[in-house]
Amino acid sequence: MLSQLSLICALVMNLCCVCGIVGNLLSIYIYSRPAFKKRSINVLLLALSCADFAVCVLAIPVFSISQMQELIPGCQAAIGTVMLYFYPITLMFQAMSVWLLVFITVDRYLAVCHPFMVQTYCTRSRALFTVACIIVFSVVYNFCRFWEYRLLDCTVEKLKIDQILDPMLRKNEAYMLWYQTVITLISQFVIPFAVLCLLNLQVARTILAAGEQRRQLVASEKREHSTAKMMLFVVIVFLFCYTFSFILNVAETIDHELFMGPLGFLLNDINNILIVVNSSTSFVFYVTYSTRYRAELQKICAIRLFMENVLDVKSRRSASGDFSTMSLPYRQNLLTAESDTKPTSEAKDV
């Protein structure tokens, strides 16, 4: 029963991954347009979309590894490689996603609660510097995870994951206590959760207070408030999805054996689904609350529909031999040829 539920979880997760890949690709295209590059928030949202896209792509092999072993026998080498190399990279992008969301919240807090500080602190150059720092921190912090396991002999078939990989750093009690538990909980959960909750509560209060005097708001303030509303929902989804992960991390420190059985594997599968859902749903809120995002998305759809209609019309006219679709030199040559053949035809008639 639990194995069937685990397979269903893997299917749901992969479906969410596909949706997330499509949505984040559209966000990457839109936020990389020249019109969107001027504001700091759009630079951060572009980086967040790239990180979420990478999480969705890597989650398909990394989080479906136990199901891959059951469905594709004889792939022990591939499974070992995924766990050894792809898993740490996935955690790097997850860390980027978490801290990018934190700094997006800081950006929205300054824009809504301290609008006169926007010109000083919410600049494109500062946003690019922030993204670079987050990337360096995420890579450096998770780089040691490449040495958590070492790959064993994979020539023997029907080996389980724990028989393919031999723990290295994970055998070290100090590493598991301080790095895997204490530092990870503080840096990936406690600090981000505290900052997100405190700043978004203040942003929500400011938006509610401004709603009573909305007529007095200028257009730029209304735009900042609309963007802040959008990010509030993104943060709510993040808090909902990562709270379960936070609980599992605490539970693992208390009872490590729980996660070595079928129930632990199922809980881990549910956690993986929530992580992917967090990386896949931002697109929905961008479309719902960002007018410029919707306009740019409509342009993409309009161009595609326009090109399809144009190509369809051209193909129909070419098939029917429509004279109006011919190029000017071709039409001139055709008229000349027709005029040359007219006397001959008249002579034959005579």
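Residues numbered from 1 in each chain as written. Predicted model: local features only at pLDDT ≥ 70, side-chain atom pairs only at ≥ 80, totals over all residues. Heavy atoms only, no water.

As a reminder, the rule being used: UniProt positions are given in the numbering used here, feature names are shortened, and annotations may be inferred rather than shown by experiment.
You'll find the protein chain entered in an unreviewed UniProt entry as G-protein coupled receptors family 1 profile domain-containing protein, with Mesorhabditis spiculigera given as the organism. Per its UniProt entry, the protein chain bears the Subcellular location (unreviewed entry) comment "Membrane". Among the UniProt annotations of the protein chain, the heading Sequence similarities (unreviewed entry) holds the following wording: "Belongs to the G-protein coupled receptor 1 family."

## Regarding the overall build of the protein chain
To keep it simple, the criterion reads: For helices the rule is a DSSP run of H or I covering at least 4 residues; for strands it is a run of E covering at least 2, with both sets numbered from the N terminus onward. Only protein chains enter the accessibility calculation, which uses a 1.4 Å probe. A residue is then buried if its area is under 20% of the maximum for its type, exposed if over 50%, and partly exposed in between. By definition in these notes, contact holds between two residues if any of their heavy atoms fall within 4.5 Å. With residues, only the protein chains shown are counted as cover, and all accessible areas are computed by Shrake-Rupley using a 1.4 Å probe.
For the protein chain, the count of helices and strands is 13 helices and 2 strands. Per-residue burial for the protein chain yields a buried fraction of 40% across its 350 residues. In the protein chain, of all internal contacts separated by at least 6 residues, the share reaching a separation of at least 24 is 77%. When the accessible area of the protein chain is evaluated, it comes to approximately 19900 Å², of which 67% is carbon and sulfur surface.

## What to know about the UniProt feature "transmembrane region" (unreviewed entry) in the protein chain
Those residues carrying the UniProt feature "transmembrane region" (unreviewed entry) are residues 6–31, 43–65, 85–106, 127–143, 177–199, 230–250 and 270–289 in this numbering. Across residues 177–199 one finds 100% helix and 0% strand; the C-alpha atoms that close the span lie 30 Å apart.

## Observations concerning the pattern of salt bridges
Just so we agree on the cut-off: Put simply, a salt bridge is a Lys or Arg side-chain nitrogen that is within 4 Å of an Asp or Glu carboxyl oxygen.
By the definition in use, this model includes 5 salt bridges. We note a salt bridge from Glu148 to Arg145, for which the minimum N-O separation is 3.2 Å. The pair Glu148 / Arg145 is uniform in exposure class, with both members buried. What emerges from the salt-bridge pattern is a single network uniting Arg33, Glu296 and Lys299.

## Quick notes on the nonpolar core
What counts here: Grouping buried Ala, Val, Leu, Ile, Met, Phe, Trp, Tyr and Cys residues that are joined through side-chain atoms within 4.5 Å yields what is termed a nonpolar core.
Ranked by size, the top nonpolar core spans 56 residues in total, and within it Leu45, Leu100, Leu101, Met231, Phe238, Tyr242 and Tyr286 carry the most contacts. With 6 residues, the next largest nonpolar core counts Val112, Val203, Ala228 and Leu232 among its residues.

## Concerning helix H11 (residues 282–289)
Rule in force here: The arc in question is the one traced by the directions running from the helix axis out to the C-beta atoms.
Of the residues making up H11, those classed as buried are Ser282, Phe285 and Tyr286. All buried residues of H11 lie within an arc of 105° about the axis, which places them on one face of the element.

## Here's the deal with the packing of aromatic side chains
Counted only if it meets this: Think of it this way: a Phe, Tyr or Trp ring, Trp meaning its six-membered ring, pairs with another when their centres are within 6.5 Å, and the plane angle makes it stacked under 30 degrees, edge-to-face over 60, tilted otherwise. Any Lys NZ or Arg CZ found within 6 Å of a ring centre and within 35 degrees of that ring's normal is scored as a charge over the ring.
Under the counting rule described, the total for this entry stands at 19 aromatic pairs. Geometrically, the ring pair formed by Phe146 and Trp147 is edge-to-face, given 6.5 Å between the ring centres and 85° between the ring planes. With relative accessibility at 44%, the residue Trp147 sits in the partly exposed group. Linked through ring pairs, Tyr31, Phe36, Phe283, Tyr286 and Tyr293 together constitute an aromatic cluster. Taking NZ or CZ as reference, Arg292 lies 4.7 Å from the ring centre of Phe36, over its face.

## Structural notes on the packing of helix H2 (residues 40–62) against helix H6 (residues 124–142)
To keep things clear, this is the line we draw: The convention used is that axes are lines fitted to C-alpha atoms, helices contributing only their stretch in contact, and that angles between N-to-C directions extend from 0 to 180 degrees. Orientation labels follow simple angle bins: below 35 degrees gives roughly parallel, above 145 gives roughly antiparallel, 65 to 115 gives roughly perpendicular, and whatever is left gives oblique. For any helix crossing, the convention is left-handed if the near helix is rotated counterclockwise from the far helix by under a right angle, and right-handed if that rotation is clockwise. Residue polarity is assigned by list, with Asp, Glu, Lys and Arg as charged and Ala, Val, Leu, Ile, Met, Phe, Trp, Tyr, Cys and Pro as nonpolar; anything else, Gly included, falls into the polar class.
For the pair H2 and H6, the least separation of the axes is 8 Å and the interaxial angle reads 25°. The orientation of H2 with respect to H6, classified from their angle, is roughly parallel. Between H2 and H6 lies a crossing whose hand is right-handed. Facing Ser40, Val43, Leu44 and Ala47 of H2, the residues of H6 in contact are Arg124, Ala127, Leu128 and Val131. Of the residues in the contact of H2 with H6, the class split is 6 nonpolar, 1 polar and 1 charged.

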